[in-house]
Amino acid sequence: QTIGQNGNWHMDASIPGMYTFLLYMTSMPMIIDSTNYKTFGGYTKFKLNRMILDVEPITNRAVLFKSKVIHVGLAPIYNNTLRISIAYKLKEIT
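First, a word on what this report is: a plain description of the structure on this page.

Here is what the cut-offs are and how they apply
- Residue numbers run consecutively from 1 along every chain, following the written order of its sequence.
- Only residues with pLDDT of at least 70 are given local features in this predicted model, and only at 80 or more are side-chain atom pairs given and counted; all residues enter the totals for whole chains, interfaces and linings.
- The side-chain quantities take in all heavy atoms of the structure and omit both hydrogens and water.
- Ring geometry is summarised as follows: Phe, Tyr and Trp rings, the Trp one being its six-membered ring, pair when their centres sit within 6.5 Å, and such pairs are stacked at plane angles under 30 degrees, edge-to-face over 60 and tilted between the two.
- Secondary structure follows DSSP: runs of H or I at least 4 residues long count as helices, runs of E at least 2 residues long count as strands, and numbering of each begins at the N terminus.
- Three exposure classes are used, based on accessible area relative to the maximum for each residue type with a 1.4 Å probe and protein chains only: buried under 20%, partly exposed in between, and exposed over 50%.
- Here, a salt bridge means any side-chain nitrogen of Lys or Arg that lies within 4 Å of a carboxyl oxygen of Asp or Glu.
- Contact between two residues is taken to exist if any of their heavy atoms lie within 4.5 Å; hydrogens are not considered.

Concerning the packing of aromatic side chains
Logical step 1: Under the counting rule described, the total for this entry stands at 2 aromatic pairs.
Logical step 2: The interplanar angle of 45° and the centroid separation of 6.1 Å between the aromatic rings of F21 and Y88 together place this pair among those described as tilted. Here the residue F21 occupies a position in strand β1 (residues 18–24), and Y88 occupies one in strand β6 (residues 85–91), the gap between them amounting to 67 residues.
Logical step 3: Residue classification places Y88 among the partly exposed residues on the basis of a relative accessible area of 41%.

With respect to the pattern of salt bridges
Logical step 1: Counted according to the given criterion, the structure contains 3 salt bridges.
Logical step 2: Residue D12 is joined to K89 by a salt bridge in which the shortest nitrogen-to-oxygen separation is 3.3 Å. Placement of D12 in the segment before β1 and of K89 in strand β6 is noted, with a sequence separation of 77 residues between them.
Logical step 3: The class of D12 is partly exposed, set by a relative accessible area of 25%.
Logical step 4: Here K45 ties to D54 by a salt bridge, and the two come within 2.8 Å at their closest N and O atoms.
Logical step 5: Accessibility expressed as a relative area gives 22% for K45, which makes it partly exposed.
Logical step 6: Residue D54 is classed as partly exposed on the basis of its relative accessible area, which comes to 32%.

Topic: the environment of V55
Logical step 1: As for its placement among the helices and strands, V55 is situated in strand β3 (residues 51–55).
Logical step 2: Accessibility expressed as a relative area gives 11% for V55, which makes it buried.
Logical step 3: Note: C-alpha distance between V55 and T26 (29 residues apart in sequence) is 14 Å.
Logical step 4: Beyond its immediate chain neighbours, meaning those up to four positions away, V55 contacts Y24, Y43, T44, F46, R61 and V63.

Keep in mind these values describe shape, not function.
Take a look at the structure:
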């Protein structure tokens, strides 16, 4: 994802027992950490109980959430910068 490519609000699945594991991998041109995440952008926003929760795309951070949670991935705010993430879709085995 690059500048200007904000996603749309969505859920990954509405089926019970489905989860999404989102891993932030951005490392070029910089590693995103606790000192620079505010200037990078690229947050993932979650709608939870009438609130919006922002998760910063800190390199090597992972988020596990129920796939029915409504969320959106935002683009970075710098030119020539990529927000790289890997999303694994998981199904609970019962």
